[in-house]
Amino acid sequence: MNIKELIKGMTVEEKIGQLNQVAYIPATIDGIEDRIREGKVGSIILAQTAFAGNDSPCSVDYEKVNRLQRIAVEETRSHIPILFGRDVIHGHKTVFPIPLAMAASFDTELIKKSYECIAKEAYNDGIKWTFAPMLDMSRDPRWGRIIESAGEDPYLAQNVARAVISGFQGDDYSKRGRLCACAKHYVGYGASEGGRDYNRTEISEYTLRNFYLRAFKSAVEADVGTVMSAFNEISGQPVTSSRYLLTDVLKEEFGFKGFVVSDWAAVKQLIDQGVAENEKECAQMSLKAGVDMDMVDDIYNKYLLKLLSEGKITEEIIDEALYRVLYIKEKAGLFDDPYTAPVNVDRAFNAKTAKEMAEESMVLLKNENNILPLSVSDKIYIDGEMKDDTRSILGSWTLDGIAEETVTVFEGINKYITPVLNEKDADIIILAIGESHTVTGEAHSLADIDMKREHISLAKKYKAEGKKVVGVLNFGRPVAMEDGEKYFDAIIYAWHSGTQTGNAVADILFGKVNPCGHLPVTLPRKTGQIPLYYNFTKGSRTVNEYYDHADNRFINNYDDCKGSPLYPFGYGLSYTEFEYSNPRILSEKNGEYVVGITVKNTGKFDGKALVQCYICDEVASSMRPIRELKSFEKIFLKKGEEKEVLFKLGEKELGFYNMDNEFVVEEGLFTVYMGGDAYCENKVSVRYIKN
Ligand code: BGC
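Rules used throughout
Residues numbered from 1 in each chain as written. Predicted model: local features only at pLDDT ≥ 70, side-chain atom pairs only at ≥ 80, totals over all residues. Heavy atoms only, no water. Pairing = 2+ DSSP bridges. Helix = DSSP H or I, 4+ residues; strand = E, 2+ residues; numbered from the N terminus. Core = buried A, V, L, I, M, F, W, Y, C linked by side-chain atoms within 4.5 Å. Buried < 20%, exposed > 50% of the residue type's maximum accessible area, 1.4 Å probe, protein only. Domains from an automatic or database assignment. Contact = heavy atoms within 4.5 Å. Axes fitted to C-alpha atoms, helices over the stretch in contact; angles between N-to-C directions. Parallel < 35°, antiparallel > 145°, perpendicular 65-115°, else oblique. Nonpolar A, V, L, I, M, F, W, Y, C, P; charged D, E, K, R; others polar. Near = heavy atom within 4 Å. Polar contact = N/O pair within 3.5 Å; in protein donor to acceptor, adjacent residues only side chain to side chain. Salt bridge = Lys/Arg side-chain N within 4 Å of Asp/Glu carboxyl O.

A. The arrangement of the sheet that holds strand 2 (residues 43-45) in detail. Reading across from one edge, 4-3-2-1-10 is the order of the five strands in this open sheet, with parallel pairing throughout. The open sheet terminates on both sides in strands that have one partner only, identified here as strand 4 (129-130) and strand 10 (294-295). As paired elements, strand 1 (residues 20-23) and strand 10 share two bridges and run parallel to each other. Across the sheet, the residue bridging to Gln21 is Met295, located in strand 10.

Below you can see the structure in the form of structure tokens.
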């Protein structure tokens, strides 16, 4: 397809129509057919509301989608097919763990495999474009949308971004069963002040480049088809109208070739944000900034022609946006293969993969006296409001998930044992507690993420009766449980883990699966510690108590709470034990270092260790984080087995964006830490010298 030639033959009205996305669910809204015939529909978002994340399910159907596509292809003058999109975030019919949980697996191969399954299921319902991955690094677990993210670390988010994009798109997303991905929300949305959704953000250029932009840059490098601009402003500038962010940085500096779609009704929102007086101005500002497609506002449709006739925009700028849209339609194969032709989907395989993903994601936080794994001869009573839950456990943003397919925590455990009917007869209480999906996701933030009093009382009551209490915590976000944690003998952080939650929980509880998930976010002691994250810049007086456990009143601390988290980033136990020793430098060549550490399984089970490598740039031209994750590897070790894990550190890992926005690697001392979480103490020093 010669896109330039195609553009030459189009009228301005047809061009503008391609930049317009409308919301539509076949069979619920009438009148779309005529709009398609008129050439006013470039894309359809298969959604009925702006809050699809927690909305009641409303299924889509490929035959109805094909019917609409036929109108576009056969009955319009330009014959350009429609790109059909939907929020396919962490599953379609088979629901996988929420993205935050998937990040806890630190298993990018499995994440990729999961998204391959998800893509096929979604494709078969007529979807060719998904609004994922969400790459908003977040340091605030009050923010409901943290569930959609990879957590607080940019390096982890970069790796997750590549895995999700490659799972959705493969090498060639024109193929059937593949989806075009969308990196969202570009950029900074995760910094919403106070964790209040849609709130303002205050991000310096230094922090933007070193933290928030990094996953987006990786997404562009991974050839993501589209990018969604974010609702938020950054330090007074709405992203939707920021030419600097959308054009200068994303398109020019990063080299993004696809198109930018606005977030839902975000073009018009420029009026609410107080930078535009009317809809016409909104259209002008967004298009000029680099928003190529207007999601559901119909503002481009209404005003671009007028703006053109008034000389406020040029036809070139319309053509540039159009070129991007058509380029992606071409890459998505729509010109050659516009209709969905269902591929073979093996639902049993998808369920198996979803279970594997759930197992790899769950984090064992506590296991006093090795109470876990349980034995089938234990007398067990199951309590807690999540034990029979089928919907919340799927998480937010599961538009097509089938709650009837959920394996509940109770059902999973019941496959191993028949729980006792009366708590009095039990030695062990499994408490399946958590939060509803309706307090997570979009427009659902919490002011207080401390563990609820009723959960603490329940655990305390059983503890006082002399029972062993095992917590299965089904939350979408970190819960601050300093006051409750002591009443649990063991804690499995099981997240909202999707369709297979119950099977994964049971296999972990009874030791068929050895837990190996690690926290992608810090778990604070109390809500009041937020923001609390592991990769903060060095403190002005002495290190923050996050790392310094000494009693030092000059540390960045509270009088009523320690400064350290309850569980740090990267933390996660196993039923076995891993010993880390002999950190060493293996080679130093041309500014490239190979460092290594020996990991030994010294416990009684085979298991997986997540070996993490952090650096600290000890002296730099600007303040650098006290630790930054630079590499990780999940390895399997049989009991008694020992392996050497090597990490390569070069300019990419040692460099950073300086105060002049340049990526630099500065000479000097770096400390490299290696081990099982952000607190790890095995270290070596390297001195970087330029060649
Ligand atoms: C959300 C996006 C989502 C879009 C379409 C917006 O409200 O912020 O993440 O993709 O709606 O449903």
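From this point, the discussion proceeds with the structure in view.
B. Structural detail: the nonpolar core. Grouped together as the largest cluster of nonpolar side chains are 174 residues, with contacts concentrated most on Ile44, Tyr186, Leu365, Met481 and Tyr493. Broken down by element, the residue count for this core peaks at nine residues, all from helix 7 (residues 154-169). The residues that make up this core include at least three from each of domain 1 (347-547) and domain 2 (578-688). With sequence-adjacent residues up to four places away left out, Tyr493 is seen in contact with Met362, Val363, Leu365, Leu473, Phe475, Arg477, Pro478, Val479, Met481 and Leu523. Counting 29 residues, the second-largest nonpolar core is a separate cluster that includes Ala358, Leu372, Ala490 and Ala506.

C. The arrangement of the sheet that holds strand 14 (residues 468-474) in detail. Within the open sheet, the five strands sit side by side as 11-15-14-13-12. Their pairing is mixed. Strands at the two margins of the open sheet, each flanked by one partner only, are strand 11 (363-367) and strand 12 (380-383). Each strand of the sheet is rotated relative to its neighbour by a mean of 15 degrees, with strand direction disregarded.

D. A look at the packing of helix 8 (residues 205-212) against helix 9 (residues 214-221). Remark: helix 8 packs on helix 9, axes separated minimally by 5 Å, with the N-to-C direction vectors making an angle of 50 degrees. The angle between the axes of helix 8 and helix 9 places the two elements in the oblique class. Here helix 8 contributes Arg209, Asn210, Phe211 and Tyr212 to the contact with helix 9, which in turn contributes Arg214, Ala215 and Phe216. Looking at side-chain class alone, the contact of helix 8 with helix 9 contains four nonpolar, one polar and two charged residues.

E. Molecular detail of the site of the ligand. Neighbouring the ligand are 14 residues; Asp87, Arg145, His185, Asp263 and Glu442 lie closest to it. Side-chain polar atom of Asp263 to an oxygen atom of the ligand: 2.7 Å apart, as the coordinates give it. Glu442 has a polar side-chain atom sitting 2.7 Å from an oxygen atom of the ligand. For the shell around the ligand, the per-class residue count stands at eight nonpolar, one polar and five charged.

F. Spatial organisation of the pattern of salt bridges. For the coordinates displayed, the defined rule picks out 51 salt bridges. Of the charged contacts, one joins Glu205 and Arg209 as a salt bridge, the two residues approaching to 2.9 Å between their closest N and O atoms. One end of the pair, Glu205, and the other, Arg209, are both in helix 8, four residues apart, so they sit about a helical turn from each other. With relative accessibility at 5%, the residue Arg209 sits in the buried group. Note that Glu360 is salt-bridged to Lys634, the shortest N-O span being 2.8 Å. Of the two residues, Glu360 is situated in helix 15 (residues 347-361) and Lys634 in strand 19 (residues 628-637); the sequence distance between them amounts to 274 residues. For Glu360, a relative accessible area of 8% gives the class buried.

As far as function goes, none of this settles anything; it's purely spatial.
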